[in-house]
Amino acid sequence: LPVLPSPNPYDRYKVPEEILKEGQKVKLTLGEGEILTGIVKWSSPYDIKLSISSTPKTSVLVFRHAIVLAEAASE
């Protein structure tokens, strides 16, 4: 089921900065229930770019306000 965003707008963009280093493998759970696992290519205050597969190389851009849970993925 969808998860509602935090009522406090400042909490919507909080993702632990230590897991957003370039090359770090992360697991992101989005508000609609999707789970993305990939390697961080870059991040900004509002979005994160992930490489989600090795062949063919596919990247996705995820807006931080869509993320409900972010954690380091196991290798």
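Residues numbered from 1 in each chain as written. Predicted model: local features only at pLDDT ≥ 70, side-chain atom pairs only at ≥ 80, totals over all residues. Heavy atoms only, no water.

## Examining the side chain of threonine 29
Its location among the elements puts threonine 29 in strand β1 (residues 25-30). A relative accessible area of 18% means that threonine 29 is categorised as buried. When near neighbours in sequence (up to four residues on either side) are disregarded, threonine 29 contacts Glu34, Ile35, Ala66, Ile67, Val68 and Leu69. (Helix = DSSP H or I, 4+ residues; strand = E, 2+ residues; numbered from the N terminus. Buried < 20%, exposed > 50% of the residue type's maximum accessible area, 1.4 Å probe, protein only. Contact = heavy atoms within 4.5 Å.)

## What to know about the pairing of β1
In terms of strand pairing, β1 meets strand β2 (residues 35-43) through 5 bridges, oriented antiparallel. Across the sheet, residue threonine 29 finds its bridge partner in β2, namely isoleucine 35. The turn joining β1 and β2, which pair antiparallel and follow one another in sequence, is formed by 4 residues; a positive phi near 105° is taken by glycine 33. When β1 meets strand β5 (residues 67-72), the two strands line up antiparallel, connected through 5 bridges. Looking at β5, one finds that leucine 30 is bridged to isoleucine 67. (Pairing = 2+ DSSP bridges.)

## Examining the sheet that holds strand β3 (residues 47-53)
Through backbone hydrogen bonds, the strands of a sheet pair up, either in parallel or in antiparallel fashion. A sheet is described by the order of its strands in space; here 5 strands give the open sequence β4-β3-β2-β1-β5, paired in antiparallel fashion. Strand pairing shows two members of the sheet lacking a second neighbour, β4 (58-63) and β5, which therefore form its edges. Shown here is a sheet whose adjacent strand axes are inclined to one another by a mean of 40°, direction ignored. (Axes fitted to C-alpha atoms, helices over the stretch in contact; angles between N-to-C directions.)

## Quick look at the pattern of salt bridges
Applying the stated rule across the entire model yields 2 salt bridges. A salt bridge links glutamate 17 to arginine 64; the nearest nitrogen and oxygen atoms lie 3.1 Å apart. Placement of glutamate 17 in the segment before β1 and of arginine 64 in the loop between β4 and β5 is noted, with a sequence separation of 47 residues between them. With a closest N to O distance of 3.8 Å, glutamate 71 and lysine 27 form a salt bridge. (Salt bridge = Lys/Arg side-chain N within 4 Å of Asp/Glu carboxyl O.)

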